[in-house]
Amino acid sequence: MEINITFIVQILVFIIYVFLCKKYIWPYINNVIEKRKNDILKENLKIKYIKDKILNLKNKFKYIKNINKKKAFNIILQAKNKSKLLIEKYEKKAIYEYKKILFEAKLVLYNKKKNMYNNFYKNISNILKIILIKITKNTFNNELNNKFINKILKKFKINI
């Protein structure tokens with residue numbers, strides 16, 4: 001390789017170019033790079049801050065969720081207890097009403113039965129009266145008949 005003037009001029013132009021680049025262009029490029037680097041660092045810090053904030057919010061959300069779960073569980077438990085108490089209360093009330101209605105029905109049946117027996121005994125006593133009167137009329141005279149009938153009526157407590 002020959003060293004000639006063009007080569008030397010090219011080297012000098014290159015050195016001047018490098019010197020000018022280093023003096024004027026490189027600081028500008030370096031400033032832009034530094035500024036971008038600082039912006040990236042700031043954005044990374046912001047991202048880290050936001051991630052921390054999100055993590056704190058997640059933890060807070062979990063904490064609130066757990067508290068609300070416990071509250072909901074307690075409310076459900078209280079509702080179950082109240083429902084049991086209400087069921088027991090109304091069960092007792094229903095049993096009381098059932099027994100009351102049953103007692104009243106038995107009382108009505110007893111009274112009906114008693115009335116039926118009384119009516120039956122009245123009818124039987126009336127039939128017996130008629131039979132006794134006919135029998136005594138046929139067998140005794142009138143005065144004896146009245147005394148005998150009255151005696152029988154008193155003995156069996158029959159009212160005419």
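A brief report on the enclosed structure follows.

Calculation notes
- Residues numbered from 1 in each chain as written.
- Predicted model: local features only at pLDDT ≥ 70, side-chain atom pairs only at ≥ 80, totals over all residues.
- Heavy atoms only, no water.
- Helix = DSSP H or I, 4+ residues; strand = E, 2+ residues; numbered from the N terminus.
- Buried < 20%, exposed > 50% of the residue type's maximum accessible area, 1.4 Å probe, protein only.
- Areas by Shrake-Rupley, 256 points an atom, 1.4 Å probe, with all protein chains shown as cover.
- Patch = residues over 30% accessible without salt bridge, like charges linked within 9 Å, V, L, I, M, F, W, Y side chains within 5 Å.
- Salt bridge = Lys/Arg side-chain N within 4 Å of Asp/Glu carboxyl O.
- Lys, Arg positive; Asp, Glu negative; His and termini not counted.
- Charge placed at Lys NZ, Arg CZ, Asp CG, Glu CD.

## What to know about the overall build of the chain
Turning to step 1, where the next piece is worked out: Counting its secondary structure elements, the chain contains two helices and zero strands.
Turning to step 2, where the next piece is worked out: Among the 160 residues that make up the chain, the fraction classed as buried is 6%.
Turning to step 3, where the next piece is worked out: Summing over all exposed atoms, the chain offers an accessible surface of approximately 15,800 Å²; the carbon and sulfur share of this is 65%.

## Remarks on a nonpolar patch on the surface
Turning to step 1, where the next piece is worked out: Together, Ile16, Phe19, Leu20, Tyr24, Ile25, Trp26, Tyr28, Ile29, Val32 and Ile33 make up a nonpolar patch on the protein surface, roughly 1,100 Å² of accessible area in all.
Turning to step 2, where the next piece is worked out: One can find Tyr28 in helix α1 (residues 5-139).

## Here we look at a positive patch on the surface
Turning to step 1, where the next piece is worked out: Side chains of Lys58, Lys62, Lys65 and Lys69 sit close together on the surface and give a patch of like positive charge.
Turning to step 2, where the next piece is worked out: By secondary structure assignment, the location of Lys69 is in helix α1.

Functional significance is not addressed by these values, which are geometric in nature.
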